[in-house]
Amino acid sequence: SIGSQRVAEPKKDVLLGGLLVPGFDEHSCASRYQAAYYHKDMTRPASPHLIKRLREQEALQRRCGPGTEPYTRASERLRSGQTDADDVDGCSYLVLISYRGLGNRMLAMASVFLYALLTGRVLLVDRGYGDTLTGLFCEPFPGTTWALPPDFPVEGFKELGEDAPESYGNVAVNRSGSVSALRFVYLHLDHAASQANRLVYCDDHRQFLHRVQWAIIRTDQYMAPGLFFNPAYREELDRLFPSKDSVFYILSRYLLHPTNDIWGMVTRYYNSYLKDADERVGIQIRVFDSSDKPFQQVLDQILACTSREHLLPAVVTTEGVAPALPAAAGARTTAVLVTGLSSWYHDNIREMYWKSATTSGEVVRVHQPSHEEHQLWFHSKHDMKALAEIYLLSLTDRIVTSGWSTFGYVGHGLGGHTPYLLFRPMNYSEPAPDPPCARAMSMEPCSHGPPAFECTRKEINRIIDTGALLPHVRHCEDLSWGLKLT
Ligand code: GDP
């Protein structure tokens, strides 16, 4: 049974075809088993092989995770630098550094989890400043924790950068260190990482990384597309994901469950403003401009997109038209969910539907949960709103997102929606791009820092078109050097 449903709901497959395991305490994380009642039924099922591998990963996380003897031994080895002692436990670890905005962090968590699964490592996630991890997300693995213990013995690991002696680029390319002397290897996969560090994507982990018990990874982006270039993973990835266009969709539904406080915000908002509409349209507005001021050109671009793609009803432009009787019962209702840091776009769209009738007689309601005005980092109340809004976007039916925005990628990816992507203007004061938006190729997020070389040649100084190597890895619509799965 799922919480206290007042009316009998049709029975839902809350475990999503075996993607989720039963047995978690339902009350401590209501979203895990309630989400199926809010999301559409999954359009892409998890493959039997993925389900099997998830169960194996859960067992690994339990056997080697924090609080176990193998973990204590492994942390002691890391602390003391005793890298040559035999590892009797068969446990190796991947520690994810948390940094940047929430969208970035969610893309990183989902794709680094995939990397952990492929390389047989236990995933541990840095709690972030102010322990934002555990306040935002439930534990994904039963009987253990994925939160990195506070006594993690590598001091200052959050400050590791590309130049660190332990960085993969230094070790693998410059040969500036010998693997056996390293306490850990640092994988620097920030979106702006050097090509040398991106060689991680091509690592045949059986030869090099495999020998290192601890790996620390920094990434602010979606690393999944790059993993498909590695011949060592290709067959396994094909079995895990028979359809390549839904890697994030499936993994995010498995991994990222909001905590009860956030889930309460999501469901109250949904039930109050979105549930009863005939259609829900999401509009995610992200303006990359430090002034935080609104731009008329961005509003023009959004309206040009929603009109061109028939996402919002047209309004009557002539004046003096007699209004109709109170909206007849049965008049179609569209609820528009606007998200953004500014309220100005929302106010203008809402006012448009206040001042003018729709040509079709449809009723349009426009809602925006919050307008935080400025981006903040690792600020718990602010992050909670951001996560609630990302989740609400995933509960819409059709969605317009802002190009380049990881917040938008997660909103549509989690919902399994192929978005209408607004092209990012490089100068917001200039007229909006024409066309204003395009329907994306797939529901997948765009990877902003993929490898630009081929794994069999590893020629990092000769940049090639990696968007032309594999049929299901293509250049993103919104970012020419980015890659996405299709
Ligand atoms: P990106 O910068 O668009 O790729 O997305 P990120 O999520 O990584 O970083 C943007 C951050 O700004 C978010 O995590 C929020 O902290 C804040 N932010 C941006 N847009 C919104 C929004 O629509 N609603 C809320 N609540 N916060 C937002």
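This text follows the structure it describes.
Residues numbered from 1 in each chain as written. Predicted model: local features only at pLDDT ≥ 70, side-chain atom pairs only at ≥ 80, totals over all residues. Heavy atoms only, no water.

**Student:** Looking at this model, I keep getting lost on the pairing of strand 8 (residues 398-402). Mind explaining?
**Tutor:** Strand residues, when the strand is regular, have side chains that alternate between the two faces of the sheet. Where burial is concerned, most of strand 8 is hidden: four out of the five residues are buried. Sheet topology note: the strand 5 (residues 279-284)/strand 8 ladder contains three bridges and is parallel. Following the sheet pairing, Ile 283 is matched in strand 8 by Val 400. Both strand 8 and strand 9 (residues 420-422) contribute to a ladder of three bridges, which runs parallel. Each residue of the ladder has a partner; that of Thr 401, found in strand 9, is Leu 421. (Buried < 20%, exposed > 50% of the residue type's maximum accessible area, 1.4 Å probe, protein only. Helix = DSSP H or I, 4+ residues; strand = E, 2+ residues; numbered from the N terminus. Pairing = 2+ DSSP bridges.)

**Student:** Could you clarify how one ought to interpret the state of the cysteines in this entry?
**Tutor:** Covalent bonding between the sulfur atoms of two cysteines defines a disulfide. Counted under the stated rule, the structure contains five disulfides. Covalently, Cys 29 is tied to Cys 138 through a disulfide, its sulfur atoms 2.1 Å apart. Judged by the sign of its S-S torsion, about 90 degrees, the cystine formed by Cys 29 and Cys 138 is right-handed. Of the two residues, Cys 29 sits in the segment before helix 1 (30-38) while Cys 138 sits in the loop between helix 5 (132-136) and helix 6 (168-173), which places them 109 residues apart along the sequence. Cys 138 matches Cys 29 in its accessibility class, with the two residues each being buried. Bridging Cys 446 to Cys 476, the disulfide has an S-S length of 2.0 Å. On the S-S bond that ties Cys 446 to Cys 476, the torsion sits near 90 degrees, and the link is right-handed. Of the two residues, Cys 446 is situated in the loop between strand 10 (437-439) and strand 11 (473-475) and Cys 476 in the loop between strand 11 and strand 12 (483-485); the sequence distance between them amounts to 30 residues. Each bonded cysteine in the protein chain gets a number by its place in the sequence, and the pairs come out as 1-4, 2-3, 5-9, 6-7, 8-10. (Disulfide = S-S within 2.5 Å.)

**Student:** I would appreciate a short explanation of the sheet that holds strand 2 (residues 122-125) in the present structure.
**Tutor:** Whether parallel or antiparallel, the strands of a sheet pair through hydrogen bonds between backbone atoms. As summarised here, the arrangement of the four strands in space is 2-1-4-3, forming an open sheet in which the pairing is parallel. One side of each edge strand has no neighbouring strand; the edge strands of this open sheet are strand 2 and strand 3 (185-188). Here the average twist between neighbouring strands, direction ignored, is 25 degrees. Across four bridges, strand 3 lies against strand 4 (residues 214-218) in parallel orientation. Within strand 4, the position partnered with Val 185 by the bridge is Ala 215. Across the sheet, helix 2 (residues 48-64) lies against strand 1 (93-97) and strand 2, angled at about 70 degrees from strand 2, the strand it touches most. Most of the contacts of helix 3 (residues 69-80) go to strand 4, to which it runs at about 80 degrees, and overall it touches strand 1, strand 2 and strand 4. (Axes fitted to C-alpha atoms, helices over the stretch in contact; angles between N-to-C directions. Contact = heavy atoms within 4.5 Å.)

**Student:** Can you help me understand the pattern of salt bridges in this one?
**Tutor:** Should their charged atoms come close, side chains of opposite charge can pair. Tallied over the full model, the rule gives 26 salt bridges. Between Glu 56 and Arg 53 there is a salt bridge; the shortest N-O distance is 2.9 Å. Taken together, the residues Glu 56 and Arg 53, both in helix 2 and three residues apart, mark about one turn of the helix. When the shortest N-O distance is used, the salt bridge between Glu 279 and Arg 398 registers 2.9 Å. Here the residue Glu 279 occupies a position in strand 5, and Arg 398 occupies one in strand 8, the gap between them amounting to 119 residues. Residue classification places Glu 279 among the buried residues on the basis of a relative accessible area of 11%. A residue is classified by how much of its surface remains accessible, and Arg 398, at 25% relative accessible area, is partly exposed. (Salt bridge = Lys/Arg side-chain N within 4 Å of Asp/Glu carboxyl O.)

**Student:** Would you mind showing me how to read the site of the ligand here?
**Tutor:** With respect to spatial proximity, 19 residues lie near the ligand, and among them Asn 104, Arg 286, His 382, Ser 405 and Thr 406 are the closest. Take Asn 104: an N or O atom from its side chain is 2.4 Å from an oxygen atom of the ligand. In this structure, His 382 approaches the ligand through a side-chain N or O atom, which is 2.6 Å from an oxygen atom. Computed on the free molecule, the ligand has an accessible area of 560 Å², of which 97% lies beneath the protein chains in the complex. For the shell around the ligand, the secondary-structure elements that each account for two or more residues are helix 4 (102-119), helix 14 (380-394) and helix 15 (406-415). In terms of residue count, helix 14 provides more of the shell around the ligand than any other element does, four residues in total. (Near = heavy atom within 4 Å. Polar contact = N/O pair within 3.5 Å; in protein donor to acceptor, adjacent residues only side chain to side chain. Areas by Shrake-Rupley, 256 points an atom, 1.4 Å probe, with all protein chains shown as cover.)

**Student:** Help me understand the packing of helix 12 (residues 296-308) against helix 13 (residues 344-355), please; the structure alone is not making it clear to me.
**Tutor:** What describes two packed helices is the angle between their axes and the distance between those same axes. In contact at an axis separation of 10 Å, helix 12 and helix 13 are set at 50 degrees when each is read in the N-to-C sense. Relative to helix 13, helix 12 is oriented oblique. Between helix 12 and helix 13 lies a crossing of right-handed hand. Contacts between helix 12 and helix 13 pair Gln 296, Val 298, Leu 299, Ile 302 and Leu 303 from the former with Trp 344, Tyr 345, Asn 348, Ile 349 and Met 352 from the latter. The residue inventory of the contact of helix 12 with helix 13, partitioned by class, reads eight nonpolar, two polar and no charged. (Parallel < 35°, antiparallel > 145°, perpendicular 65-115°, else oblique. Left-handed = near helix turned anticlockwise from the far one by under 90°. Nonpolar A, V, L, I, M, F, W, Y, C, P; charged D, E, K, R; others polar.)

**Student:** It is not clear to me how the packing of helix 4 against helix 9 (residues 231-240) should be interpreted in this structure. Could you clarify?
**Tutor:** In contact at an axis separation of 11 Å, helix 4 and helix 9 are set at 115 degrees when each is read in the N-to-C sense. In this structure, helix 4 crosses over helix 9, and the sense of that crossing is right-handed. Residue-level inspection shows Leu 114, Tyr 115, Leu 117, Leu 118 and Thr 119 of helix 4 in contact with helix 9, the latter providing Tyr 233, Glu 236, Leu 237 and Leu 240. Here the contact of helix 4 with helix 9 is composed, by residue class, of seven nonpolar, one polar and one charged.

**Student:** I keep staring at the packing of aromatic side chains and nothing clicks. Help me out?
**Tutor:** Pairs of aromatic rings are described using the distance from one ring centre to the other and the angle between the two planes. Taken as a whole, this structure holds 19 aromatic pairs when the rule is applied. An angle of 25 degrees between the planes, with centres 5.6 Å apart, marks the rings of Phe 113 and Tyr 254 as stacked. Highlighted residues: Phe 113 in helix 4 and Tyr 254 in helix 10 (residues 247-255), separated in sequence by 141 residues. A single burial state applies to Phe 113 and to Tyr 254, both of which are buried. Seen from their ring centres, Phe 152 and Phe 157 are 5.0 Å apart, and the 80 degrees between their planes marks the pair as edge-to-face. The same class applies to Phe 152 and to Phe 157, which are both buried. Against the face of Tyr 129 rests Lys 158, its NZ or CZ located 4.6 Å from the ring centre. (Phe/Tyr/Trp six-rings, centres within 6.5 Å; stacked < 30°, edge-to-face > 60°. Lys NZ or Arg CZ within 6 Å of the ring centre and 35° of its normal.)

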